[in-house]
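Structure at a glance
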Amino acid sequence: MTTMTAWMKIRRSRGKRNSTMTFQMVTSRRKDTRKRKRDFSSPMSPRDPSQGAPQAGGAASPSTRSRRRAQRRLTRNESRYHSEVRQEAVKEALAQYQSRPKNLPLPSKRSSVMTARSPDRHHRDSDSEDSDEDSVTAEGSLGSSGGHSGSQGTPEVTRTPLLLPPPQVPSHSGMGTPGSSSGSSHHTPPHPMQQKQQQPLPPIPPHSNRLSNGEDDERTRRELSEMTDLMRNITSFPQPPDVTNNTGGGNNRPPRDDRITRYSGLAPGRQSSSDSDGWRDALYNFPENWRGTGRWKVSNKIQQLLNTLKRPKRRPLPEFYLDDEEDLEIAANPKDPNAPKPEGMVMTPARGEQLVIPAGLPRSVEDAVYRYGSSSGYKAPVATILDANGKLSVSLTYGKLLSRSQKMAYNLLTRLGGRGEGNVMPGDRVALVYPNNDPVSFMCAFYACLQAGLVPVPIEVPLSRRDAGSQQIGFLLGSCGVSVALTSEACFKGIPKTSAGEVVSFKGWPKLTWFITDHLPKPPKDWQIPPRHSDDSAAYIEYSTDKDGSVKGVVVTRSAMLAHCRTLTSACNYTEGEVAVCVLDFKREVGLWHSMLCSVFNGMHVIFIPYSVMKVNPASWMQMITRFKASIAIVKSRDLHWGLLATKDHKDVSLQSLRLLLVADGANPWSLSSCDQFLAVFQSKGLRPDAICPCASSPEALTVSVRRPGHGGANAVGRGVLSMQGLSFGVVRVDQENSLTSLTLQDCGQVLPGAMIVVIKLEGVPFLCRTDEVGEICVAGGAVGDQYWGLQGMTNNTFKVQPLLLDSTPMNGTSTYVRTGLLGFLGPGGLVFVCGSRDGLMTVTGRKHNTDDIIATVLAVEPMKFIYRGRIAVFSHKVLRDERICVIAEQRPDCSEEESFQWMSRVLQAVDSIHQVGIYCLALVPPNHLPKTPLGGIHLSETRKKFLEGSLHPANVLMCPHTCVTNLPKPREVHHGNYVGPASVMVGNLVQGNRLASAQGRDMGLMDDEDGMRRHPQFIADILKWRASTTENHEILTLLNSKGQVATSLTCAQLHKKAERVGCLLLEKGHINTGDHVALIYPPGVDLIAAFYGCLYVGAVPVTIRPPHPQNLQSTVNTVRTVVDVSKSSIILSTLTVIKLLKSKEEKFDSGKKWAPILDTDDLPKKRLPSIYKAPTPEMIAYLDFSVSTTGMLAGIKMSHGAATSLCLSMKVACELYPSRVVALCLDPYCGLGLALWVLSSVYSGHQSILIPPGEVELNPSLWLSAVSQYKVRDTFCSYGVMELCTKGLGSSITALKQRGVNLSCVRTCVVVAEERPRVQLTSSFSKLFSGLGLSPRAVSTSFGCRVNVAICLQGASSPDPTTVFVDLRSLRHDRVTLVERGAPHSLCLMESGKLLPGVKVVIANPDTKGQCSDSHLGEIWVQCNHNASGYFTVYGDDGTSNDHFNAQLVTGSTGEVYARTGYLGFLRRTESVQADGELHDAVFVVGALDETVILRGMRYHPIDIEMTVMRCHKKISECAVFSWTNLLVVVVELDGAEYEALDLVPLITSSVLEEHQVIVGVIVVVDPGVVPINSRGEKQRMHLRDGFLADQLDPIYVAYNM
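From a predicted model like this one, the values you see are computed outputs, not experimental measurements. (Residues numbered from 1 in each chain as written. Predicted model: local features only at pLDDT ≥ 70, side-chain atom pairs only at ≥ 80, totals over all residues. Heavy atoms only, no water.)

Topic: the overall build of the protein chain
- On a plain count of helices and strands, the protein chain comes out with 45 helices and 58 strands.
- Across the 1603 residues of the protein chain, 61% fall into the buried class.
- Sequence separation of 24 or more characterises 77% of the internal contacts of the protein chain that already satisfy a separation of 6 or more.
- A total of about 60,300 Å² of accessible surface is found on the protein chain, and carbon and sulfur atoms cover 50% of it. (Helix = DSSP H or I, 4+ residues; strand = E, 2+ residues; numbered from the N terminus. Buried < 20%, exposed > 50% of the residue type's maximum accessible area, 1.4 Å probe, protein only. Contact = heavy atoms within 4.5 Å. Areas by Shrake-Rupley, 256 points an atom, 1.4 Å probe, with all protein chains shown as cover.)

Some remarks on the environment of Pro-1157
- Position of Pro-1157 among the secondary structure elements: in the loop between helix 33 (1136-1142) and strand 38 (1158-1160).
- Considering only alpha carbons, one finds Pro-1157 and Lys-1069, 88 residues apart in sequence, at a separation of 9.7 Å.
- The contacts of Pro-1157, once residues within four sequence positions are left out, are Ser-1130, Ile-1131 and Ile-1132.

Overview of the sheet that holds strand 22 (residues 775-780)
- Taken in spatial order, the five strands of this open sheet run 3-21-22-24-25, and their pairing is antiparallel. Since the sheet does not close on itself, it has two edges, and those belong to strand 3 (350-351) and strand 25 (832-837), each with one partner.
- Where strand 24 (residues 818-826) and strand 25 come together, five bridges link them in antiparallel fashion. Within strand 25, the position partnered with Leu-823 by the bridge is Gly-836. (Pairing = 2+ DSSP bridges.)

Things to note about the sheet that holds strand 8 (residues 484-487)
- Here we have four strands laid out as an open sheet, ordered 7-6-8-9, and parallel in their pairing. Of all the strands in the sheet, the pair left with one neighbour each is strand 7 (455-459) and strand 9 (513-516). Sheet twist, expressed as the average angle between the axes of neighbouring strands with direction ignored, equals 30°.
- Here strand 8 pairs with strand 9 via four bridges, running parallel. (Axes fitted to C-alpha atoms, helices over the stretch in contact; angles between N-to-C directions.)

A look at the side chain of Thr-1051
- Mapping Thr-1051 onto the fold places it in strand 34 (residues 1046-1051).
- Setting aside its immediate chain neighbours within four residues, Thr-1051 contacts Glu-1032, Asn-1033, His-1034, Glu-1035 and Ile-1036.

As for the packing of helix 43 (residues 1503-1513) against helix 44 (residues 1545-1557)
- One can describe the packing of helix 43 onto helix 44 by two numbers: an axis separation of 9 Å at closest approach and a directional angle of 135°. Between helix 43 and helix 44, the interaxial angle falls into the category oblique. When you trace helix 43 past helix 44, the crossing you get is right-handed. Touching Asp-1505, Ile-1506, Thr-1509, Val-1510, Arg-1512 and Cys-1513 of helix 43 are Leu-1548, Ile-1549, Ser-1552, Val-1553, Glu-1556 and His-1557, all from helix 44. (Parallel < 35°, antiparallel > 145°, perpendicular 65-115°, else oblique. Left-handed = near helix turned anticlockwise from the far one by under 90°.)

Some remarks on unusual backbone geometry
- Positive phi, normally seen in glycine, also occurs at His-519, with a value near 55°.
- Here His-519 lies in the loop between strand 9 and strand 10 (538-545).

Digging into the pairing of strand 12 (residues 579-582)
- Burial along strand 12 is two-sided: the residues Val-579 and Val-581 and Ala-580 and Cys-582 are all buried.
- Regarding topology, helix 16 (residues 589-601) serves as the crossover connection from strand 12 to the parallel strand 13 (residues 605-608), and that connection is right-handed.
- For strand 12 and strand 14 (residues 632-635), the ladder comprises three bridges, and the chain directions are parallel. Each residue of the ladder has a partner; that of Ala-580, found in strand 14, is Ile-632. (Right-handed = clockwise from strand over helix to strand, strands pointing away.)

A look at the environment of Ala-89
- Tracing the backbone shows Ala-89 in helix 3 (residues 84-97).
- When its relative accessible area of 5% is taken as the criterion, Ala-89 is described as buried.
- For the pair Ala-89 and Ala-910, spaced 821 residues apart in sequence, the C-alpha to C-alpha distance is 8.1 Å.
- Filtering out sequence-adjacent residues up to four positions away, Ala-89 remains in contact with Leu-740 and Ile-914.

Some remarks on the packing of aromatic side chains
- With the rule as written, the count across this model stands at 26 aromatic pairs.
- By way of ring pairs, the aromatic residues Tyr-434, Phe-442, Phe-446, Tyr-447, Tyr-540, Phe-586 and Phe-608 are connected into one cluster.
- Lys-587 extends its terminal NZ or CZ atom over the ring of Phe-586, reaching a point 4.9 Å from the ring centre. (Phe/Tyr/Trp six-rings, centres within 6.5 Å; stacked < 30°, edge-to-face > 60°. Lys NZ or Arg CZ within 6 Å of the ring centre and 35° of its normal.)

Some details on the pattern of salt bridges
- According to the stated counting rule, one finds 43 salt bridges in the structure shown.
- One salt bridge in this structure joins Asp-772 and Arg-733, with 3.1 Å as the shortest N-O distance. One end of the pair, Asp-772, is in the loop between strand 21 (756-760) and strand 22; the other, Arg-733, is in the loop between helix 21 (724-728) and strand 19 (742-746), and 39 residues separate them in sequence.
- A salt bridge links Glu-1555 to Arg-881; the nearest nitrogen and oxygen atoms lie 3.1 Å apart. Of this pair, Glu-1555 sits in helix 44 while Arg-881 sits in the loop between strand 28 (867-879) and strand 29 (882-891), placing them 674 residues apart in sequence.
- Judged by its relative accessible area of 27%, Glu-1555 falls in the partly exposed class. (Salt bridge = Lys/Arg side-chain N within 4 Å of Asp/Glu carboxyl O.)

Remarks on helix 24 (residues 897-915)
- A rise of 1.5 Å per residue sets the reference length of helix 24, with its 19 residues, at 27 Å; its end C-alpha atoms lie 27 Å apart and thus fit the reference within 8%.
- Counting buried positions along helix 24 gives 18 out of 19 residues, so the element sits mostly inside the fold.
- One or two positions beyond helix 24, positive phi appears at Gln-916, with a value near 55°. (Expected span 1.5 Å × (residues − 1).)

What to know about the confidence of the model for the protein chain
- Mean pLDDT for the protein chain: 78, with 75% of residues reaching 70 or above.
- Below a pLDDT of 50 lies the segment residues 1-60, which in the model reaches 121 contacts outside its immediate sequence neighbourhood of four places, other chains included. (pLDDT = per-residue confidence, 0-100.)

Description of the pairing of strand 18 (residues 718-723)
- For strand 18, a buried count of six out of six residues is recorded, marking the element as mostly surrounded by other parts of the structure.
- Burial along strand 18 is two-sided: the face carrying Gly-718, Gly-720 and Leu-722 and the face carrying Arg-719, Val-721 and Ser-723 are both buried.

A closer look at the packing of helix 15 (residues 558-572) against helix 16
- Helix 16 packs onto helix 15 with a crossing angle of 85° between their chain directions and a minimal axis gap of 10 Å. Relative to helix 16, the element helix 15 is oriented roughly perpendicular. Residues Met-561, Leu-562, His-564, Cys-565, Arg-566, Leu-568, Thr-569 and Cys-572 of helix 15 form the contact with helix 16, whose own contacting residues are Trp-593, His-594, Leu-597, Cys-598 and Phe-601.
- Looking at the contact of helix 15 with helix 16 residue by residue, the classes come out as nine nonpolar, three polar and one charged. (Nonpolar A, V, L, I, M, F, W, Y, C, P; charged D, E, K, R; others polar.)

Description of the state of the cysteines
- In the structure shown here, the tally under the stated rule is zero disulfides.
- Unpaired in this structure, Cys-598 has its nearest cysteine sulfur neighbour in Cys-565, at a distance of 4.3 Å.
- Overall, the relative accessible area of 1% leaves Cys-598 in the buried class. (Disulfide = S-S within 2.5 Å.)

Brief notes about the environment of Thr-384
- Mapped onto the secondary structure, Thr-384 falls in strand 4 (residues 381-386).
- For the pair formed by Thr-384 and Val-606, sequence separation is 222 residues and the distance between their alpha carbons is 6.4 Å.
- The contacts of Thr-384, once residues within four sequence positions are left out, are Leu-392, Val-394, Ser-395, His-605, Val-606, Ile-607 and Phe-608.
- Only 2.7 Å separates the side chain of Thr-384 from the side chain of His-605, close enough to count as a polar contact. (Polar contact = N/O pair within 3.5 Å; in protein donor to acceptor, adjacent residues only side chain to side chain.)

Considerations on helix 29 (residues 1020-1030)
- Where burial is concerned, most of helix 29 is hidden: eight out of the 11 residues are buried.
- Within helix 29 the residues assigned to the buried category are Ile-1020, Ala-1021, Asp-1022, Ile-1023, Leu-1024, Trp-1026, Arg-1027 and Ala-1028.

This is how it looks when you write it as structure tokens:
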């Protein structure tokens, strides 16, 4: 073994510890510690003297000891990761943050969430809390909090975040008063006030009127300074969007079709002029100074969040970055040119001394049982168990061990319990299922298997079907072929069973035969033990758990087991008759090797102390050493700390007899503090310094190294102060003496006798490391594992490693090495130093960090009274090509919301400063909520699994993606200097051969016959009169109720007569004038259609309005009022039922305004009109169409008579609508294409329309499809809302519908009417679900319309099948269209929005430059046709917006043509389908609304894409919507579950969106179901939702602000 190079200095010192080797050991550490502690404690909160470091060996007064006991839960002895140096480093790091502005927004949480608990929390064992490392029952451990006890008597004060005081406004509904919340969403839980002057301010100071005078002055000054900073930032806000008033309560959930009216009715078109603002304020009865009020709570927090993001990133982005997978990987793993590199020589193997087998040892482990059990000393005890009362209850002698093991072996091989369930043969695997308090039964069963030639597989006792890791254990048993499980009678009774008495079937477990090993018959005298098996056969299988929780079985051969026992006997100097005390799990690793194998091999006596006893009496193991004068103790560093806590038992402890204190987890870098503290306290009790022997081990390599007891000399003990930054780069560097970012390591002993150790590189080919390089430790020798059972590939990679030199040549020698999973290096004299494990390794941005180091830093953050020290889990998971660190801890039940957030903020600062790495997610869960191992530790892999699947249910979450995600794609920049004009772009497209995006529907053709102009009138009102005279008895309208029965039906003549009577009513009672606007407020039905034509008959302009909902009058009446006022309606027509609603007592919600004159059409005059009004020109307005677009704007369009008839003609030609046809309509008749289909189309084409109100489908989901089948409908139209109702409501009723005779094979076209991108998933699910009823998958298609043109695309009767393409989602962000194959990464499936109607022409134009785009570009859809709307209807006349939308012209190409801008982005794609005219078909693909797109970092994101990602990330998300505000992405999700599940969604949403879209979510709002507003067409109103969010009207369950 070559010695270490000059980077390591060896210093010898004499005294109490005369054999200590240090790496530049700090000689004045204790003195400097006190000095630095004074320096760094000044800006921090004052620390109680009882919380200081306890004196190592000096005596303390009784009062001091009493105070320490009272404060025991706050002392540093609670943590095995404690380090004074680390605490000082944390204090220094936090001190640097004190001068920074504290503008971190506190999450908003509904008060019910703070007190809500998961149902399964109530059923947890009350004793499970004792499994914490600091919750042992010791004197003072459960006492009060001492110095903080004064705060417990403080009355509870509800704190709210500090908000800017808005202007004083009169109290009115919908607006919260200053300093209060409109709901319960922003109330933090009550908690005691902390009376500390120098305590650091929380991120957002709370209001309080219970502060002392000094505190009040100080708080006031700090509040004023923070308010000044905040005002400086807020004054630069852009113009906020229009916010409408909300008078509705958050808990009243209206029906789905009325969800648009949640936030104060409909938002009118957004205008920037002062006139429009004043009109809107007056219309909604806003006070004059409403602006800026009611939205402070949200906008302030967002601004605070933006302030936190102004800090520059730690690492700049690469200069030339492309949004490509390979570049993402490179950005996540940068090469730092300044990183330290190893400089030492290539290491050579470290060889242990020659193994000398002492004379007189047994030839095998089985022979040891026979020797000691049959000799004169057969009555010597081999095992004794300490029960819960502290008494030695069960004892086993060597004689009984021999007899019981032989008895079990006989019954296993012959009778198997005497019931004949089956036989086991030598070599078969057998599971050993024994509890941790029954080592005697386990020992007998283990040696019985060895004697019988069976292979024991020790596992944990399954206590329930939901045990953490139980499924992986079942996989191990299945892969090993285990069919028999041995257990004791008492254990078998505790295993869960079915009502029939059979053991329950555990998830993933094979079928087992349970064999009870108690009360077995003796073997006959002539029975002989089977002959010994070969040495290379398996002796036992020990399970090993990976980082991801997968379990593998490590096979230990008989030769390796014997060699291991001999090696440990030589290294530890075991002798016959020694007494050992074991606290560890005797079924695995160190506990199994020493207490079960080596102890019997050497004829020793082991006293077992179960874990349950340790929780009650943590000093029991030291008492047993004192009582039996034990020379050996096998413990963990946790047990050393627990022993320190039991101060009342120290006076009776004597450790003079102890020669070997084996620390099983000595490979943990932070076990050094445990050993030092224990030695400092108990050296006066006789503990010798050389008795503490840490060891390193792994299931694969067994014991790697152990410090020899009693061995002195220069190189017997080593210790080093290393740079943590160097270790993060895999290099060993000695740190400076005064550095606070160092890691002090102790050695884990020397190489074992007869073994060799090398260190190889962590990744890739196993090259040998240099002497100053950190790598994975590998061991060669006879005492190592043999293989993973049944996993040959992993076996070769782990157990058959051939180290290579730097020139790729194998190292000299033929030995193969076994990977230990431990990371470290070799010191002088063959000392082994371990600085981490492979399972705990986290590689973040190219640097390596260890979970134990992060835990140590977290535990050093004061105050620690908020969380349990022993219940912290640290892990990483890969997001966006890099690992992200997550910290999960259990918080105490008395911890308040603000205290938790304050502590989490300090943890983030400490980790960032010390480790130069950001924490991605920091979560606090309720007490006893993390999955635990059988011995009470945190089950890390199960915790990680629950976190990733969203079932951890945290109480507080803090996400920091902005600070730790540094490999985002480079922002898209607009090059203003070398601007490329639209003409140049068009020329470039032509040169490259790209087709300019333009498409046109087929020609309209002539009329039906030659004299069509004479027989077919031009205006729709004249057409109805003509049909009433020519086909008077033709049934044209049929209205169905929820039972499928005909509610009303009208012929052409009946409709004409009813319309005439309405016209007479308007003339006689309404005194209507030509051109007056008439509001039609009717439920869906024939009355609405008759009133519509009655208005046309007298020259009035009808305005169809949805009536108010009886169950939600508070908001829906305001909606009706808004449309009536905006449309300037002079008369209201309605039915008596609706009129009563309008004039009911609920009209107070209407701000007291008077309605226009209302006429009841239930009782119409039986008169005929003298004449029917005929418009002088087709350009005259026929009706007004008011609707809320997907962008949340209330927009009314003017439809002329010519546009109405042209629209009907286009639909008639496209869909081949004739009087003999029957069309089923399941739409709302109030706007858009639904209005045209209900009111206009049937009259124009003469076909029969089956009218099905969508509200009736909510009551009877099968109504629509049953009607389609009953009337043999060929063409049907519906909305996404109806299709979703049928898909969800009839999923399990297909068989019943088929039995009722429902047959959909008659359907030729099923068109979804929408103003959005087609929902491919919903339409495909609908097609697949109802294909069993005969529905053709070719029938389902979509349409597309918007405000400027209600019907642009519509699937025709003879049109080609709908086309589906897959585009690259990343290209869409740059407004490019790239087709990819199905299943390609980042592919997005798009379906065309129907076929262009006849007479319609569309082009794709750049919305900014107005230049024509090519097929490969995403642009705005412009439309040109005869049925375009005439313009927007506004209360102040035409404006520039109307002219720009309806009279747009291209700047390239056909510049003279006039188009209407739809406001939707899309592209054209020429397909191979041939149209009826023989031309190739041009498909129109709608991507999304232009106003809804989210521009982040220069790239365009479409909300529906992000929403689909969010919907997939958790099963409890029922709906979601996204929008942007101040460059932040806001995600609103509806939680269909319990409120305590709300915080599970935050990390899942953040990670999913980051992974799939490379964008960071800024704010996540979790709300109740039904909060996301949806219009009658089933389209989300995202901008309307944004207004409600900014006005603080959502009543959220939880609002998370990602940092």
